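Notes for the structure review
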Amino acid sequence: MAILDIITAPDPRLKVKSTPVDRVDDEVRGLMDDLLETMYAEDNGVGLAAPQVGVAKRVLVIDLSRGEEVPDPLCMANPEVISFSEDLVSTEEGCLSVPEHYAEVVRPASVRLHYLDRDNEIREMDAEDFPAICIQHEIDHLDGVLFIDHLTAIKRSMILRKLSKTRKHTTAKTAATAPVL
Ligand code: NI
């Protein structure tokens, strides 16, 4: 396991559509472990997708346990949303690749998806509320989409301008106060 460097916007690697894995083998499991360790090293990290460490593969990890709770990692390869609810919900989102910026994003409140788990088994799952938001945020990363891409062009360019100014002096590690995806 290794802690990898998290890349931050406006790095062009975050805008790439990632490719599916053929199967979940030891190499993909190693990537999942590295993603988990990298996410756990961030105070409030609850989700991380492979493109955020510069790997253009459709792999992501999520762990919504907080603080002293027992870790509850969820590892997915090739996740695909099959259906989503018509109800929408607005949630304040943050992202390890967009450090120190938070904004309300509107998304479907629940989703059904399938994915390959750590053992290369096909799983189907229903998610609602915050887990559904996390999953959609992480799947967006696999398609080269950041949460700021859901904002108005003005808000997005304001955030990107600030990030371009500060990225030379800071790293992705920040004392975040809210969960970051
Ligand atoms: Ni993110």
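As a starting point, this report considers the structure included with it. Since the structure is predicted, the reported quantities are computational estimates derived from the model, not experimental observations.

Analysis parameters
- Residues numbered from 1 in each chain as written.
- Predicted model: local features only at pLDDT ≥ 70, side-chain atom pairs only at ≥ 80, totals over all residues.
- Heavy atoms only, no water.
- Core = buried A, V, L, I, M, F, W, Y, C linked by side-chain atoms within 4.5 Å.
- Buried < 20%, exposed > 50% of the residue type's maximum accessible area, 1.4 Å probe, protein only.
- Helix = DSSP H or I, 4+ residues; strand = E, 2+ residues; numbered from the N terminus.
- Contact = heavy atoms within 4.5 Å.
- Pairing = 2+ DSSP bridges.
- Axes fitted to C-alpha atoms, helices over the stretch in contact; angles between N-to-C directions.

**Some remarks on the nonpolar core**
When a protein is soluble and globular, its nonpolar side chains tend to lie buried together. In this structure, Met 32, Leu 35, Leu 48, Val 59, Val 61 and Ala 77 are the most contacted members of the largest nonpolar core, which totals 19 residues. Contributions of two or more residues to this core are made by α1 (26-40), β2 (59-62) and β3 (74-84). No other element matches α1, which puts 6 residues into this core. With residues up to four places along the chain from it excluded, the contact list for Val 59 reads Val 21, Val 28, Leu 31, Met 32, Leu 35, Ala 49, Ala 50, Met 76, Ala 77 and Leu 142. Counting 16 residues, the second largest nonpolar core, distinct from the first, contains Val 111, Tyr 115, Met 125 and Cys 134.

**Observations concerning the pairing of strand β7 (residues 122-128)**
The sheet contact formed by strand β6 (residues 110-116) and β7 spans 7 bridges and is antiparallel. Each bridged residue has a counterpart across the sheet, and for Leu 116 the counterpart in β7 is Ile 122.

**Focus on the side chain of Gln 136**
Tracing the backbone through its elements, the reader meets Gln 136 in helix α2 (residues 129-142). Residue contacts for Gln 136: discarding those within four places in its chain leaves Arg 107, Pro 108 and Val 111.

**Topic: the sheet that holds β6**
Within a beta sheet, neighbouring strands are joined by backbone hydrogen bonds and run either parallel or antiparallel to one another. Taken together, 5 strands build an open sheet; the order of strands is β1-β2-β3-β6-β7 and the sheet is antiparallel. The open sheet terminates on both sides in strands that have one partner only, identified here as β1 (47-49) and β7. The mean inter-strand angle of the sheet, taken between neighbouring strand axes irrespective of direction, is 40°. Alignment of β3 against β6, held across 5 bridges, turns out to be antiparallel. Paired with Ala 77 across the strands is Leu 116, a residue of β6. Those strands touched by α1 are β1, β2 and β3, and its axis lies near 40° from that of β2. Its contacts with the sheet put α2 on β1, β2, β3, β6 and β7, and the angle it makes with β7 is roughly 125°.

So far we have only geometry, and geometry alone does not tell us how the molecule works.
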